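Residue-level structure breakdown
Below, each chain spelled out in residue letters.
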Amino acid sequence: NAGVMQNPRHLVRRRGQEARLRCSPMKGHSHVYWYRQLPEEGLKFMVYLQKENIIDESGMPKERFSAEFPKEGPSILRIQQVVRGDSAAYFCASSLTAQNTEAFFGQGTRLTVV
Amino acid sequence: AQTVTQSQPEMSVQEAETVTLSCTYDTSESDYYLFWYKQPPSRQMILVIRQEAYKQQNATENRFSVNFQKAAKSFSLKISDSQLGDAAMYFCAYCRDMEYGNKLVFGAGTILRVKS
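Overview of the structure. These numbers come from a predicted model, not from an experiment. (Residues numbered from 1 in each chain as written. Chains lettered and ligands numbered in written order. Predicted model: local features only at pLDDT ≥ 70, side-chain atom pairs only at ≥ 80, totals over all residues. Heavy atoms only, no water.)

Quick word on the overall build of chain A
Broken down by element type, chain A carries zero helices and 11 strands. Secondary structure elements of chain A, listed N to C terminal, follow the sequence β-β-β-β-β-β-β-β-β-β-β. For chain A, the residues scored as buried account for 45% of the 114 residues in total. Within the structure as shown, chain A displays about 5,800 Å² of accessible surface, and the carbon and sulfur contribution to it stands at 46%. Here chain A carries 16 positive and 11 negative side-chain charges, and the mean point of each set is 7 Å from the other. (Helix = DSSP H or I, 4+ residues; strand = E, 2+ residues; numbered from the N terminus. Buried < 20%, exposed > 50% of the residue type's maximum accessible area, 1.4 Å probe, protein only. Areas by Shrake-Rupley, 256 points an atom, 1.4 Å probe, with all protein chains shown as cover. Lys, Arg positive; Asp, Glu negative; His and termini not counted. Charge placed at Lys NZ, Arg CZ, Asp CG, Glu CD.)

Overview of the overall build of chain B
From N to C terminus, chain B includes zero helices and 12 strands. Helices and strands in chain B line up, N terminus first, as β-β-β-β-β-β-β-β-β-β-β-β. Taken along the three principal axes of its C-alpha coordinates, chain B extends 45 × 30 × 20 Å. Burial status across chain B gives 49% buried among its 116 residues. Of the contacts formed within chain B by residues at least 6 apart in sequence, a portion of 56% connects residues at least 24 apart. Summed over all atoms, the accessible surface of chain B reaches about 5,500 Å², with 45% contributed by carbon and sulfur. Within chain B, the 12 negative side-chain charges are centred at a point lying 3 Å from the centre of the 12 positive side-chain charges. (Contact = heavy atoms within 4.5 Å.)

Looking at the interface of chain A and chain B
Counting residues at the interface gives 28 residues for chain A and 21 residues for chain B. Across the salt bridge formed by A:Asp56 and B:Lys103, the nearest N and O atoms sit 3.0 Å from each other. Residue assignment for the side of chain A that touches chain B shows that the elements contributing at least two residues are strand S4 (31–37), strand S5 (43–50), strand S9 (88–95) and strand S11 (109–113) of chain A. Each residue belonging to the side of chain A that touches chain B can be placed in one class, and the counts come to 10 nonpolar, 13 polar and five charged. (Salt bridge = Lys/Arg side-chain N within 4 Å of Asp/Glu carboxyl O. Nonpolar A, V, L, I, M, F, W, Y, C, P; charged D, E, K, R; others polar.)

Considering the pairing of strand S12 (residues 110–115) of chain B
All names here are of chain B. By the alternation rule, side chains of S12 split into Thr110, Leu112 and Val114, which are all buried, and Ile111, Arg113 and Lys115, of which none is buried. Bridge analysis of strand S10 (residues 88–96) against S12 gives three bridges, and the strand direction is antiparallel. Bridge assignment links Met89 to a residue of S12, and that residue is Ile111. (Pairing = 2+ DSSP bridges.)

Some words on the side chain of A:His29
Residues and elements named next belong to chain A. Position of His29 relative to the elements: it lies in the loop between strand S3 (19–24) and S4. At a separation of 2.7 Å, a polar atom in the side chain of His29 contacts the side chain of Ser94. In terms of polar contacts, His29 uses its side chain to reach the backbone amide nitrogen of Ser95, at 3.4 Å. (Polar contact = N/O pair within 3.5 Å; in protein donor to acceptor, adjacent residues only side chain to side chain.)

Concerning the environment of B:Ser30
All names here are of chain B. Position of Ser30 among the secondary structure elements: in the loop between strand S4 (24–26) and strand S5 (32–39). Considering only alpha carbons, one finds Ser30 and Asp97, 67 residues apart in sequence, at a separation of 8.8 Å. For Ser30, the contacting residues outside a window of four places in its chain are Ala53 and Lys70.

A closer look at the pattern of salt bridges
Charged atoms that come close allow side chains of opposite charge to pair. Residue and element names in this part refer to chain B. In the structure shown here, the tally under the stated rule is 11 salt bridges over all chains. One salt bridge in this structure joins Glu29 and Arg96, with 3.5 Å as the shortest N-O distance. Here Glu29 is found in the loop between S4 and S5, whereas its partner Arg96 is found in strand S10, with 67 residues between them in sequence. Glu29 sits in the partly exposed class, given a relative accessible area of 29%. When its relative accessible area of 31% is taken as the criterion, Arg96 is described as partly exposed.

So, in structure tokens, the structure goes:
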């Protein structure tokens, strides 16, 4: 039973390029959460999605960032025109339902903007 | 907005001894959940222990236990018989009533070093 899979593990982008981070939740999980961890800091919530719906995007920067969780395939976090301040580890978590269940985390994608 | 504070950036413990990591939080909610996560160098976030606010009894998982003081909004983690494999970053996290989903608010973390 595979856990939450994130890829790539490491991603290097030049300033101005686009970054696409993928997250495949655990089998049967339809709730996905994205978090960002800046160096020396805790994880900060970005967005909560269910299949084909964004439930809560209160932590997403207003510009350049978007997320989706299509009916088929992984959840995608997309960062357009990356800047050095986007360098961070991005984590995805999934849960079976919204209520009273543990969220399982992936190993994260470390994005470096050069 | 809910906040979680971990006032100890770094802690050290001798192997086989006991260490306590501190966490305080701020919320106006009466129902919520509290967690401790471990993040080793591999970056994988591992759930250590969880506490439901409506439960008065402190949660325990093998060598890990919590001291949950709801009135004081305090949630400390005690690790007994510390092992080298316990060395990691530890994060305290809060989740509002999960009717709103599993959205976690994390503290800044405490690095735990275990000396042999």
